[in-house]
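# Secondary and tertiary structure notes
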Amino acid sequence: MGSVVKDNGVAERLAFIKMDERARSTLRSLKPLIAQEIGAAMETFYAEVRATPHTRAFFKDEAQIDSASRRQQSHWSIIAEGRFDGAYVDAVRAIGQTHARLGLEPRWYIGGYALICEALTGAVIRQMWPKGVLGRKGGAEEAAEAVGVLLKAAMLDMDYAISIYLETLEAERQRLEEVRQVTERSQAAVVAALGEALSRLSGGDLGARLAGAVPAEFQRLKDDFNSAVGALEAAIAAVSESAETVAGGADQIGAAAD
């Protein structure tokens, strides 16, 4: 019997779409058919990926496309087991996070699933209806139930992956907002310190400096300001010394004249 993970919202989702033990048993009965057809379904999907410039841009070469196809086929093997356990959650989480990192919009993911579901549901109907499984009667009912379960599994997978995608984007948005706030606070602190130093300088305090640590992006501003004020202090000191020398020379000349 397939197990169901009790957290991450999967159990609640399963209950809502009525993916109960009977439905999961039906899904498991489709595993051989899914294994047989998923390769061709992926070929159809990736043919569209190659033909569409927007999606083709996400892959650097054919090897990367083949790798992605193999991973998706492996993931469908997990789906067909009807377990929806921790391994399933981890796999879907990785898919959603990868799509968010790459910037792959949900519309392309949904479109891909449409092509895959078209292939798989078509295979189910061709095998099960009108003759049913192994020639049993009731092929239409069995085919309808199997297709329904297959679509539930696909929609669940899509829902969960997109939820993770949006969750990842929101986490990144919050991280960037925190970075922005920290940057603004740093800027405000540096501007305040600079204003105080300039105020001291305008009051004649040539020892005014930007003291203390500053963020890396403001280090050059600090160094340039302190160097400029230091040069100004040295220049004024030199002028003062020259003035004193001139004054001393004038005194000597005056004494000699007397």
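Being a predicted model, the structure only gives us computed values, none of them experimental.

## Considerations on the overall build of the protein chain
From N to C terminus, the protein chain includes nine helices and zero strands. Helices and strands in the protein chain line up, N terminus first, as α-α-α-α-α-α-α-α-α. In the protein chain, which comprises 258 residues, the share counted as buried stands at 31%. Expressed as a percentage of contacts within the protein chain between residues at least 6 apart in sequence, the contacts between residues at least 24 apart total 67%. Only carbon and sulfur atoms are counted for the fraction: they give 59% of the accessible area of the protein chain, which is about 15,200 Å².

## Things to note about the pattern of salt bridges
Note that side chains of opposite charge can pair when their charged atoms are close. A full pass over the atoms with the stated rule returns 15 salt bridges. With a shortest N-O distance of 2.5 Å, Glu21 and Arg28 are connected by a salt bridge. The partly exposed category is assigned to Glu21, whose relative accessible area is 24%. Note that Glu184 is salt-bridged to Arg180, the shortest N-O span being 2.4 Å. A residue pair is termed a helical-turn pair when its members lie 3 or 4 positions apart in one helix, as Glu184 and Arg180 do in helix H8 (residues 139-202) at four residues. Residue Arg180 is classed as partly exposed on the basis of its relative accessible area, which comes to 36%. Overlapping salt bridges, with partners in common, bring together Lys31, Glu81, Arg83 and Asp85 in one network.

## Some thoughts on the packing of helix H5 (residues 62-80) against helix H7 (residues 106-128)
Interhelical geometry of H5 versus H7 gives an angle of 60 degrees and a closest axis separation of 14 Å. With respect to each other, H5 and H7 are oriented oblique. Here H5 runs over H7; the crossing is right-handed. For the pair H5 and H7, the contacting residues are Gln72, His75, Trp76 and Ile79 in the first and Tyr113, Ile116 and Leu120 in the second. Each residue belonging to the contact of H5 with H7 can be placed in one class, and the counts come to five nonpolar, two polar and no charged.

## Quick look at the packing of H7 against H8
Interhelical geometry of H7 versus H8 gives an angle of 165 degrees and a closest axis separation of 10 Å. It follows that H7 is roughly antiparallel to H8 by the angle criterion. Seen along the crossing, H7 lies across H8 with a hand that is right-handed. Split into classes, the residues belonging to the contact of H7 with H8 amount to 19 nonpolar, two polar and two charged.

## A closer look at the packing of aromatic side chains
Summed over the entire model, instances satisfying the criterion amount to five aromatic pairs. Plain terms: the ring middles of Trp76 and Tyr113 are 5.9 Å apart, the flat faces sit at 35 degrees to each other, and that makes the pair tilted. You can see Trp76 sitting in helix H5 and its partner Tyr113 sitting in helix H7, a full 37 residues away along the chain. Judged by relative accessible area, Trp76 falls into the buried class, the value being 2%. Aromatic pair Tyr109 and Tyr113: ring centres 5.1 Å apart, planes at 70 degrees, arrangement edge-to-face. Here Tyr113 and Tyr109 lie together in helix H7, a separation of four residues that amounts to about one turn. Judged by relative accessible area, which is 9%, Tyr109 ranks as buried. Put simply, the rings of Phe45, Tyr46 and Phe59 touch in pairs and so form one group of aromatic residues.

## As for the layout of surface pockets
Here the largest pocket is characterised by a volume of approximately 780 Å³. In terms of lining residues, the largest pocket is bounded by 30 residues, among which Tyr46, Ala68, Gln72, His99 and Leu104 are the most central. Of all the secondary-structure elements, those providing two or more residues to the lining of the largest pocket are helix H3 (31-51), H5, helix H6 (86-102) and H7.

## Observations concerning the confidence of the model for the protein chain
Confidence in the prediction of the protein chain, expressed as mean pLDDT, is 85, and 86% of residues score 70 or more. Every residue in residues 1-6 is under pLDDT 50, and counting partners more than four places away or in other chains gives 23 contacts.

## What about empty space enclosed by the protein?
The full count for this structure, using the stated rule, is one cavity of 30 Å³ or more. Empty space within the largest cavity amounts to approximately 40 Å³. Looking at the largest cavity, the residues that line it are His99, Leu104, Glu105, Pro106, Tyr109, Ala161, Ile162 and Tyr165. Counting residues per element, the ones that place at least two in the lining of the largest cavity are H7 and H8. Residue contributions to the lining of the largest cavity peak at three residues, all from H8. Taken together, the residues that form the lining of the largest cavity break down as six nonpolar, one polar and one charged.

What counts and what doesn't
Residues numbered from 1 in each chain as written. Predicted model: local features only at pLDDT ≥ 70, side-chain atom pairs only at ≥ 80, totals over all residues. Heavy atoms only, no water. Helix = DSSP H or I, 4+ residues; strand = E, 2+ residues; numbered from the N terminus. Buried < 20%, exposed > 50% of the residue type's maximum accessible area, 1.4 Å probe, protein only. Contact = heavy atoms within 4.5 Å. Areas by Shrake-Rupley, 256 points an atom, 1.4 Å probe, with all protein chains shown as cover. Salt bridge = Lys/Arg side-chain N within 4 Å of Asp/Glu carboxyl O. Axes fitted to C-alpha atoms, helices over the stretch in contact; angles between N-to-C directions. Parallel < 35°, antiparallel > 145°, perpendicular 65-115°, else oblique. Left-handed = near helix turned anticlockwise from the far one by under 90°. Nonpolar A, V, L, I, M, F, W, Y, C, P; charged D, E, K, R; others polar. Phe/Tyr/Trp six-rings, centres within 6.5 Å; stacked < 30°, edge-to-face > 60°. 1 Å grid on protein atoms, 1.4 Å probe; cavity = no way out; pocket = protein on both sides within 12 Å on 5 of 7 lines; lining within 4 Å. Points joined across faces, edges and corners; volume = space filled by probe spheres on them. pLDDT = per-residue confidence, 0-100.

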